Amino acid sequence: MIKKPLLCLLLSLLLFSSGFAHNPSLVTGFPLVDTDAWTPVQVTVWPVKLFSVQAVYGINLAPFFLSFEQRVYGISLALMGGARKLYGVHCGLGGFAEQSTGLMVGLSNYCKWNRGIVIGLLNFSSDSYDAAGSTENLMQLGVFNQAENGLQIGLLNYNPNALIPWMPMINFSPRKTAPPEAR
């Protein structure tokens with residue numbers, strides 16, 4: 001009886017961390033105060049957020065459900081949330097970021113470019129190239145990890161560019177650069 005709710009939670013986190021990351025406009029929310037400045041504190045009770053800002057320098061808090069910000073410099077505590085650019089720490093059930101530099105901790109995480117450490121049950125990194133023509137995944141720690149490069153430590157790791165793509169415990173491949181015609 002407990003297995004079904006747990007499976008539903010894990011599946012929803014998987015869908016959240018991969019699907020919403022490709023269309024974050026679904027989770028941005030409606031601001032009470034419309035401004036293009038920055039704020040030291042952002043509070044979101046989805047679908048309503050305190051400010052419409054370009055950056056949060058401090059604490060981003062979404063205790064009940066979803067949060068998405070353009071940039072977060074500091075700590076993001078959200079049940080499920082993320083940012084286009086995360087510089088600092090994100091903690092929650094699910095998390096996503098286009099670019100993460102720091103630490104992400106959650107049950108399910110998705111990073112397009114991971115320049116930090118991601119810790120969770122399910123961790124995913126995109127195979128998209130940045131403006132310089134490379135993908136980047138620094139480190140993933142989890143039960144299942146998927147990335148195009150970097151260090152993965154977990155029960156099962158998938159990296160199509162590694163010497164052996166599917167590996168238990170640990171897997172690694174260096175940073176991948178796109179061919180010139182793909183840039």
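Above this text you will find the structure in question.
In this report, we go over the structure that sits alongside the text. (Residues numbered from 1 in each chain as written. Predicted model: local features only at pLDDT ≥ 70, side-chain atom pairs only at ≥ 80, totals over all residues. Heavy atoms only, no water.)

Of the regular secondary structure elements, the protein chain holds 1 helix and 11 strands. For the protein chain, the α and β elements follow one another from N to C terminus as α-β-β-β-β-β-β-β-β-β-β-β. In the protein chain, 16% of the contacts between residues at least 6 apart in sequence involve partners at least 24 apart. Per element, the accessible surface of the protein chain, about 9,200 Å² overall, is 73% carbon and sulfur. (Helix = DSSP H or I, 4+ residues; strand = E, 2+ residues; numbered from the N terminus. Contact = heavy atoms within 4.5 Å. Areas by Shrake-Rupley, 256 points an atom, 1.4 Å probe, with all protein chains shown as cover.)

The next point concerns the pairing of strand 3 (residues 48-52). Side-chain positions along a regular strand alternate between the two faces of the sheet. Relative to strand 3, strand 2 (residues 38-45) is paired through 2 bridges, and the arrangement is antiparallel. Across the sheet, residue threonine 44 finds its bridge partner in strand 3, namely lysine 49. The hairpin turn running from strand 2 into strand 3, its antiparallel successor, is 2 residues long. (Pairing = 2+ DSSP bridges.)

Take the packing of aromatic side chains next. For the structure shown, the criterion picks out 7 aromatic pairs. Note on phenylalanine 124 and phenylalanine 144: the rings are 5.9 Å apart at their centroids and 55° apart in plane angle, and the pair reads as tilted. With phenylalanine 124 in strand 6 (residues 108-125) and phenylalanine 144 in strand 8 (residues 137-146), the pair connects residues that are 20 residues apart, well separated along the chain. Per residue, the accessibility class of phenylalanine 124 equals that of phenylalanine 144, and both read buried. Taken together, a centroid distance of 4.5 Å and an interplanar angle of 35° make the contact between tyrosine 158 and tryptophan 166 tilted. On the basis of relative accessibility, which here comes to 48%, the residue tryptophan 166 falls in the partly exposed class. An aromatic cluster is built from Trp38, Tyr57, Tyr73 and Tyr87, whose rings are joined through pairwise contacts. (Phe/Tyr/Trp six-rings, centres within 6.5 Å; stacked < 30°, edge-to-face > 60°. Buried < 20%, exposed > 50% of the residue type's maximum accessible area, 1.4 Å probe, protein only.)

The subject of this paragraph is the environment of proline 63. Note that proline 63 resides in strand 4 (residues 55-91). Overall, the relative accessible area of 42% leaves proline 63 in the partly exposed class. Through-space distance from the C-alpha of proline 63 to that of methionine 80 is 8.7 Å; in sequence the pair is 17 residues apart.

Before going further, it helps to examine the environment of leucine 50. Within the secondary structure, leucine 50 sits in strand 3. By relative accessible area, which is 30% here, leucine 50 ends up partly exposed. Between the C-alpha atoms of leucine 50 and aspartate 34, which are 16 residues apart in sequence, the distance is 8.8 Å.

Now for the nonpolar core. In terms of nonpolar packing, the biggest core is built from 9 residues, these being Val53, Val56, Val72, Ala83, Leu86, Ala97, Met104, Cys111 and Val118. For this core, the element with the most residues is strand 4, which contributes 4 residues. Setting aside its immediate chain neighbours within four residues, valine 53 contacts Thr35, Ala37, Trp38, Thr39, Gln42, Glu69 and Gln70. Phe96, Tyr110, Leu122 and Phe144 belong to the second-largest nonpolar core, a separate cluster that totals 6 residues. (Core = buried A, V, L, I, M, F, W, Y, C linked by side-chain atoms within 4.5 Å.)

The buried count for strand 6 comes to 13 of 18 residues, which makes it a mostly enclosed element. Alignment of strand 6 against strand 8, held across 8 bridges, turns out to be parallel. When the bridges of strand 8 are listed, valine 118 appears paired with glutamine 140.

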